[in-house]
Amino acid sequence: MAYGYYPGCSAHGTAKEYDISTRKVCVKLGIQLEDVADWNCCGASPAHATSEELSLALPLRNLALAEKQGLNSIMTTCSACYNRLKVAHETVKESPETLNRINDIVGEPYNKTLKVTHFVNFLFEEVGLEKLKEKVVKPLENVKAACYYGCLLTRPPELVTIDADPENPTIMDGIVEALGAEAPDWSHKTECCGASLALSRTDIVVRLSGEILKAARFADADCIVVACPLCYANLDMRQSQIASRHGVDYSLPILFISELMGIALGVNYDELGIDKHMVSAANMLKEKGLM
Amino acid sequence: MIYQLNANVRNFGETISELSGVDISTCYQCGKCTAGCPVVMEMSHTPNQIMRLIQLGLKDEVLSSPTPWLCASCETCTTRCPKEVDIAKIMDTLRILALKEGYKRKEPNVVAFNKIFLDSIKNNGRLQETKLAIVFNLKTLQFFKDMMLGQKLFKKGKISFSNDSIKGTDAVKAIFERSKGFLNKGER
Ligand code: SF4
Ligand code: SF4
């Protein structure tokens, strides 16, 4: 049975490597992904800041298409997309009136049959840590990988949480440990990076992301692991600006969870797209004997 | 600052409660929302102050505040509020109402960003990041913003000018036309 896959807009631009490495890793795990055909953007923050109906209708079209395609589930790698898809799904599940209203707007009926998941809880639930451990061929020994969850994977907890504890989630830590790495406890797991303000108030993003990098350094992390293209964009692409503003060059590699998995599962470095990062992970990986 | 209480005190609070579906009367000003807000440093009114101003019916003060536009929608406040007030949802409601009623934009770049983002989806069904960044810089007159970054991204193969449109662009356009909001009217 194939799992529905919703790549999201960043998969075609700034987070290409997240998409590339996710597909590679799924092949290694024997998981068949099927893209939702003709998916559209989930609307992200601009939609919910502008019109509630729009913020529900844009994700719901994708859910309706996935259903029509015969899929039982839809998995996405982007925390923002996951948040919007899951909130839309839960909202219409609770209110038949809203479902009818939004179905009319979309023009395709959604019957609420899908399971909506994020890559991280998909790994946890559908693959499981034991199976993951078995598949590891190159354990990530001596790598201290700080897991960064950000906002949209964990909040609001009654609708989207991937972990029982929204203030101190550990689900990604479990995955990273299954790969043989160490996941340190640290202070900024769920602090906001400023996501939606990336272009409009870059100064705020530079401040917030700088604090996250500083905290990870303080925890002696070798890298930060992320599960969202927006977190990645802010933490990786803004590092040179953070360096000029804070006077500290953290040079901290930011890795997608799928990339870290790819290395541990024995996918070739060149096939993972890691060289597309602004902050190179090559030195760190060489130092740890992983490349 | 001296506030003049408005005769429509109750009305404004009720309007916000009605539009957002969040009961604003239960907020008891503990300040927990503000304590965890990542953007509070840049805000003129803190989230708990916004809540109090709504309760007091100070509509103009609230709707002309930059605070809702600076809110990053991180949902920390909503998650932590002991009275289960969905403050992030209220921030959405305030943005929508401020646009509808034509309040002067205190954070024009945020408003411009949202509009360009949504226009891109309306026309193509998907967001085209490269075009979003270019149009945003042109419209907000920041021609050289992130140019160095853009060059580096280009070298990494992450800048794309190709049209990433979907087949169902008409279906997506129809969603925009049918959604209640302020997308096809007035200033937008
Ligand atoms: S946390 Fe809730 S109750 Fe406390 S001030 Fe904020 S909105 Fe009011
Ligand atoms: S959702 Fe907005 S107001 Fe609430 S904590 Fe986050 S940034 Fe602050």
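All values derive from a computational prediction rather than experimental measurement.

**As for the overall build of chain A**
- Assigned secondary structure in chain A consists of 14 helices and seven strands.
- A compact globule built from 291 residues would reach a C-alpha radius of gyration of about 19 Å, and chain A, at 19 Å, matches this within 12%.
- The principal-axis extent of the C-alpha atoms belonging to chain A is close to 55 × 45 × 30 Å.
- Put simply, chain A has 291 residues, and 67% of those count as buried.
- Residue pairs at least 24 apart in sequence account for 77% of intrachain contacts in chain A once pairs closer than 6 positions are excluded.

**Points about the site of ligand 2**
- Taken together, B:Cys37, B:Pro38, B:Val39, B:Pro47, B:Cys71, B:Ala72, B:Ser73, B:Cys74, B:Glu75, B:Cys77 and B:Ala88 make up all the residues around ligand 2.
- Residues belonging to the shell around ligand 2 are distributed by class as follows: nine nonpolar, one polar and one charged.

**Observations regarding the interface of chain B and chain A**
- On the side of chain A, 57 residues touch chain B, which itself brings 54 residues to the contact.
- In this assembly, chain B packs against chain A so that about 5000 Å² is buried in total across both faces, 58% of it on carbon and sulfur atoms.
- On inspection of chain B and its partner chain A, the count reaches four salt bridges.
- Its salt-bridge partner being B:Arg80, residue A:Glu167 comes within 2.8 Å of it at the nearest N-O pair.

**Topic: the domain arrangement of chain A**
All names here are of chain A.
- Once the domains are mapped, chain A shows domain 1 (3-119) and domain 2 (137-287).
- Here the C-alpha centroids of domain 1 and domain 2 sit 23 Å apart.
- With both chains or domains summed, domain 1 and domain 2 bury close to 2300 Å², and 73% of this area falls on carbon and sulfur atoms.
- Summed over the three residues of domain 1 that lose the most area to domain 2, namely Glu 17, Tyr 18 and Ser 79, the buried surface amounts to 24% of that side.
- The interface formed by domain 1 and domain 2 holds one salt bridge in total.
- With its nearest N and O atoms 3.4 Å apart, the salt bridge here joins Lys 24 to Glu 271.
- Take the side of domain 1 that touches domain 2: its biggest share by element is nine residues, from helix H1 (residues 16-28).
- The residue inventory of the side of domain 1 that touches domain 2, partitioned by class, reads 10 nonpolar, nine polar and six charged.

**A few points about the pairing of strand S6 (residues 223-226) of chain A**
Residue and element names in this part refer to chain A.
- Across the two faces of S6 the burial is the same, with Cys 223 and Val 225 and Ile 224 and Val 226 all buried.
- The pairing of strand S5 (residues 145-147) with S6 spans three bridges and is parallel. Directly across from Ala 145, in S6, lies its bridge partner Cys 223.
- For S6 and strand S7 (residues 254-256), the ladder comprises three bridges, and the chain directions are parallel.

**Topic: the sheet that holds strand S1 (residues 3-6) of chain A**
Residues and elements named next belong to chain A.
- The parallel open sheet is built from four strands, whose spatial order is S2-S1-S3-S4. The sheet is open, and its two edges are formed by strand S2 (33-35) and strand S4 (115-118), each paired on a single side. Neighbour-to-neighbour, the strand axes of the sheet open up by a mean angle of 35°, direction not taken into account.
- With three bridges joining them, S1 and S2 adopt parallel strand pairing. The partner of Tyr 3 across the bridge, within S2, is Leu 33.
- Running over the sheet, H1 touches S1, S2 and S4 and is turned about 165° from S1.
- Across the sheet, helix H4 (residues 79-94) is in contact with S1, strand S3 (73-76) and S4; its angle to S4 comes to roughly 160°.

**Topic: the nonpolar core**
- Among the nonpolar cores identified, the biggest contains 119 residues, and A:Ile224, A:Ile257 and A:Met261 are the most heavily contacted of them.
- For this core, the element with the most residues is helix H3 (residues 52-68) of chain A, which contributes nine residues.
- Once residues lying within four places of it in the same chain are set aside, the contact partners of A:Met261 are A:Val25, A:Leu29, A:Phe119, A:Leu123, A:Leu132 and A:Leu179.
- A:Cys151, B:Leu53, B:Leu70 and B:Met91 belong to the second largest nonpolar core, which has 40 residues in total.

**Comments concerning helix H5 (residues 96-106) of chain A**
- All buried positions along H5(A) are accounted for by A:Thr98, A:Leu99, A:Ile102, A:Asn103, A:Ile105 and A:Val106. For H5(A), the arc enclosing every buried residue in end-on projection is 155°, short of the 170-degree limit, so these residues lie on one face. Opposite its buried face, H5(A) presents the exposed residues A:Pro96 and A:Asp104, each directed more than 90 degrees away.
- Residues of H5(A) that are buried make contact with H3 and H4 of chain A together with helix H11 (169-178) of chain B.
- With its phi angle positive at about 85°, A:Gly107 sits one or two positions after the end of H5(A).

Basis of the calculations
- Residues numbered from 1 in each chain as written.
- Chains lettered and ligands numbered in written order.
- Predicted model: local features only at pLDDT ≥ 70, side-chain atom pairs only at ≥ 80, totals over all residues.
- Heavy atoms only, no water.
- Helix = DSSP H or I, 4+ residues; strand = E, 2+ residues; numbered from the N terminus.
- Rg over C-alpha atoms; globule rule 2.2 N^0.38 Å.
- Buried < 20%, exposed > 50% of the residue type's maximum accessible area, 1.4 Å probe, protein only.
- Contact = heavy atoms within 4.5 Å.
- Near = heavy atom within 4 Å.
- Nonpolar A, V, L, I, M, F, W, Y, C, P; charged D, E, K, R; others polar.
- Buried area = accessible area lost by both parts, 1.4 Å probe.
- Salt bridge = Lys/Arg side-chain N within 4 Å of Asp/Glu carboxyl O.
- Domains from an automatic or database assignment.
- Pairing = 2+ DSSP bridges.
- Axes fitted to C-alpha atoms, helices over the stretch in contact; angles between N-to-C directions.
- Core = buried A, V, L, I, M, F, W, Y, C linked by side-chain atoms within 4.5 Å.
- Arc of directions from axis to C-beta.

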